[in-house]
Amino acid sequence: MKEVKVLAPATIANLVCGFDILGMAIKSPYDEMTLSLCDEPGIFIKHTDEYQLPEAAEKNVAGVSLQALMDDYKKPVGFNLTIHKNIKPGSGLGSSAASAAGAVVAANHILGNIFSKEDLVRFAMNGEKLAGGVKHADNVSPCIYGGVTLIRSIFPLDIIALNSPDLFVTIVHPQIEVRTSDSRQILRKEVQLKDAIKQWGNIGGLITGFMKNDCELIGRSLEDVIVEPVRSILIPGFDEVKLKCKNAGSLGGGISGSGPSIFMLSKEEETAYKVEETMKEIYEKIGVDYKTYVTQINQDGVKIVE
Ligand code: HSE
């Protein structure tokens, strides 16, 4: 096995109430990456997309994640990595996580699957640290495991893969960039007990809703009284999108990761497209460029295609 191609999906971190602990993989968009072994030890990265991301391994999220894997592997090895990103950096759709997770899944495949999924998450979190300043696993875990994951703890790592109903996901990505580091910086460091109690109730409700396929419970648990009120001010049209999409039949939704993308979940495909129309109307009216996606939960995570 000398070369492998993988598709690394976008992810929706937080899932509204679960800041840094919940995440979901979606079917599109996804990045395309090809990894091959080379004779010279080291990591050699090439981007074929338009985003002008750094290619030096120590400055690239995939590069530092591969380096973490190689440090554990302990034998000299060389990798050539080509990355074609379709997930725009700074979109809130787990762009850095896709690069990091895709790279380590591909490397593990080439090396004979010697590492566990949990190991791969540990390696890929180094990419998140480079991108956002903090090791968080709520994008890389669903990207690697697929579906919805709960990160009960990062140190030590404790990841729980959750069941989920086959929901439809509608996303609008207003074309403004919100850097994860900036949108973390503005958060309050203290939480009021009354808000924490509400949040605990919603997290418990959301997880139970996923496990029991209870879509109405999922919908009413998609409420965030801690992070969303602060971050949503960075996203033009946020309150209107949420309200009108719910009126269009969506179960609920909120900020995807650290934004600016907004996601809404729906039970039926038809509703998901109605929600997309609602999003389009709002951004046409506001006059902000946008991109929309109608997709589904991706139960597989990073996919090896050849
Ligand atoms: N949990 C992280 C945050 C996800 O909201 O900052 C970033 O994609």
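Scroll up a little and you will see the structure.
All figures in this text were calculated on a predicted structure; none of them were measured in a lab. (Residues numbered from 1 in each chain as written. Predicted model: local features only at pLDDT ≥ 70, side-chain atom pairs only at ≥ 80, totals over all residues. Heavy atoms only, no water.)

S.K.: How should the overall build of the protein chain be read in this particular structure?
M.R.: A count of helical and extended segments in the protein chain gives 10 helices and 11 strands. Relative to a compact globule of 306 residues, whose C-alpha radius of gyration would be 19 Å, the protein chain shows 19 Å and is just as compact. Dimensions of the protein chain along its principal axes, counting C-alpha atoms only, are 60 × 40 × 35 Å. Burial analysis of the protein chain (306 residues in total) assigns 57% to the buried set. Considering only contacts within the protein chain whose residues lie at least 6 apart along the sequence, 73% involve residues at least 24 apart. Entry remark: accessible area of the protein chain is about 13300 Å², with carbon and sulfur atoms responsible for 49%. (Helix = DSSP H or I, 4+ residues; strand = E, 2+ residues; numbered from the N terminus. Rg over C-alpha atoms; globule rule 2.2 N^0.38 Å. Buried < 20%, exposed > 50% of the residue type's maximum accessible area, 1.4 Å probe, protein only. Contact = heavy atoms within 4.5 Å. Areas by Shrake-Rupley, 256 points an atom, 1.4 Å probe, with all protein chains shown as cover.)

S.K.: Help me understand the site of the ligand in this model?
M.R.: All residues adjacent to the ligand are Ala13, Asn14, Phe19, Asp20, His136, Asp138, Asn139, Thr180, Arg184, Arg231, Gly257 and Ser258. The contact in question runs from a nitrogen atom of the ligand to an N or O atom on the side chain of aspartate 138, over 2.6 Å. Protein chains bury 96% of the 260 Å² of accessible surface belonging to the ligand in isolation. In this structure, the ligand is accommodated by the largest pocket. Partitioning the shell around the ligand into residue classes produces 2 nonpolar, 6 polar and 4 charged. Looking at the shell around the ligand, you find at least three residues from each of domain 1 (3–162 + 299–304) and domain 2 (168–295). (Near = heavy atom within 4 Å. Polar contact = N/O pair within 3.5 Å; in protein donor to acceptor, adjacent residues only side chain to side chain. 1 Å grid on protein atoms, 1.4 Å probe; cavity = no way out; pocket = protein on both sides within 12 Å on 5 of 7 lines; lining within 4 Å. Sits in = over half its atoms within 2 Å of the grid points. Nonpolar A, V, L, I, M, F, W, Y, C, P; charged D, E, K, R; others polar. Domains from an automatic or database assignment.)

S.K.: Would you take a moment to explain the side chain of aspartate 224 for this structure?
M.R.: Within the element layout of this structure, aspartate 224 appears in the loop between α7 (215–221) and α8 (228–231). For the buried aspartate 224, no salt bridge is present, and the opposite-charge side chain at shortest range is arginine 231, 7.2 Å distant. Here valine 227 takes part through its backbone nitrogen, which lies 2.9 Å from a polar atom of the side chain of aspartate 224. Only 2.8 Å separates the side chain of aspartate 224 from the backbone nitrogen of glutamate 228, close enough to count as a polar contact. Non-local contacts of aspartate 224, meaning those with residues more than four positions away in its chain, are made with Val16, Cys17, Gln199 and Pro229. (Lys, Arg positive; Asp, Glu negative; His and termini not counted. Salt bridge = Lys/Arg side-chain N within 4 Å of Asp/Glu carboxyl O.)

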